[in-house]
Amino acid sequence: MSKPAPSQLSFRRLTLIYVSALTAIAVLSICAHGLMVGVIEQQASSASVVNMAGRQRMLSQRIAFFASQPTLPPSKENKQKLATAISQMRSAQDALAYGSERRGIPAPKEVSVRNAHFGPKGAVALVDQYLRHAEQVVLGLANSKAALLEIHRMADAELLESLENVVSSYEQESVHRIDFLSLAQKLVLVAIILTLLSE
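Residues numbered from 1 in each chain as written. Predicted model: local features only at pLDDT ≥ 70, side-chain atom pairs only at ≥ 80, totals over all residues. Heavy atoms only, no water.

Caption draft 1: The overall build of the chain, seen in detail. Helices and strands together make up the secondary structure of the chain, namely 6 helices and 0 strands. Taken from N to C terminus, the helices and strands of the chain fall in the order α-α-α-α-α-α. Burial analysis of the chain (199 residues in total) assigns 35% to the buried set. Restricting the contact set of the chain to residue pairs at least 6 apart, pairs at least 24 apart contribute 73%. (Helix = DSSP H or I, 4+ residues; strand = E, 2+ residues; numbered from the N terminus. Buried < 20%, exposed > 50% of the residue type's maximum accessible area, 1.4 Å probe, protein only. Contact = heavy atoms within 4.5 Å.)

Okay, structure coming up:
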């Protein structure tokens with residue numbers, strides 16, 4: 001049996017190189033697309049989380065407002081508004097700190113976000129303490145006046161600072177994801193160019 005001519009071998013080699021290059025480019029493109037889709041999905045979730053975390057600040061001020069209306073204990077209408085705000089803030093805090101499948105919010109995995117929730121002066125402990133004071137006002141307990149003083153002290157200082165820290169940590173993680181996507185895209189582009197140049 002005759003051996004393939006050198007021209008045929010050269011043609012086969014070029015074809016193999018061409019197919020390999022196209023395969024490598026296709027794999028890199030698919031990887032880049034997968035990374036982009038993943039980051040976009042995370043960003044969609046992050047937008048919802050940042051919005052909810054920011055709303056916690058508004059709810060804390062709303063609670064302080066309704067708790068400090070002229071009548072102590074508050075009127076029946078203000079009690080209802082206060083109870084609603086307490087319920088909303090507690091529900092949102094649980095979703096942010098532990099995740100909520102119903103709301104499409106994953107439990108935080110990043111160290112900075114977990115520290116903002118569970119670290120020293122973290123939001124979980126402070127929000128719980130704040131809401132317990134607010135509940136005392138709603139129930140009109142004997143220590144309502146002392147609870148009201150604590151509500152205003154916390155709302156103007158440590159609680160607000162802690163909630164700001166939670167929002168900031170989510171925003172920073174969002175920026176890090178975008179930076180990672182940008183770096184990954186550049187690396188894929190470099191890899192594609194090097195693949196083409198090597199052929």
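Caption draft 2: The arrangement of helix α4 (residues 123–139) in detail. The terminal C-alpha atoms of α4 lie 24 Å apart, and with 17 residues this matches the ideal 24 Å at 1.5 Å per residue to within 8%. Of the positions making up α4, those classed as buried are A123, V124, L126, V127, Y130, L131, H133, A134, V137 and V138. Among the residues trailing α4, G140 stands out with phi positive, at a value near 65 degrees. (Expected span 1.5 Å × (residues − 1).)

Caption draft 3: Structural context of the side chain of S169. Residue position: S169 is located in helix α6 (residues 158–197). Those residues in contact with S169 that sit more than four places away from it in its chain are S112, V113 and A116.

Caption draft 4: Region of the structure containing the pattern of salt bridges. In total, this model carries 6 salt bridges according to the counting rule given. Salt-bridge contacts for R153 lead to E150; the nearest nitrogen and oxygen are separated by 2.8 Å. Of this pair, R153 and E150 both sit in helix α5 (residues 144–156), 3 residues apart, which is roughly one turn of that helix. Judged by relative accessible area, which is 38%, R153 ranks as partly exposed. Salt bridges linked by common partners bring E150, R153 and E158 together as one network. (Salt bridge = Lys/Arg side-chain N within 4 Å of Asp/Glu carboxyl O.)

Caption draft 5: Molecular detail of a nonpolar patch on the surface. A surface patch of nonpolar side chains, amounting to about 300 Å² of accessible area, comprises Y18, V19 and L22. You can see Y18 is positioned in helix α1 (residues 6–67). (Patch = residues over 30% accessible without salt bridge, like charges linked within 9 Å, V, L, I, M, F, W, Y side chains within 5 Å. Areas by Shrake-Rupley, 256 points an atom, 1.4 Å probe, with all protein chains shown as cover.)

Taken by themselves, the reported measurements are silent on function.
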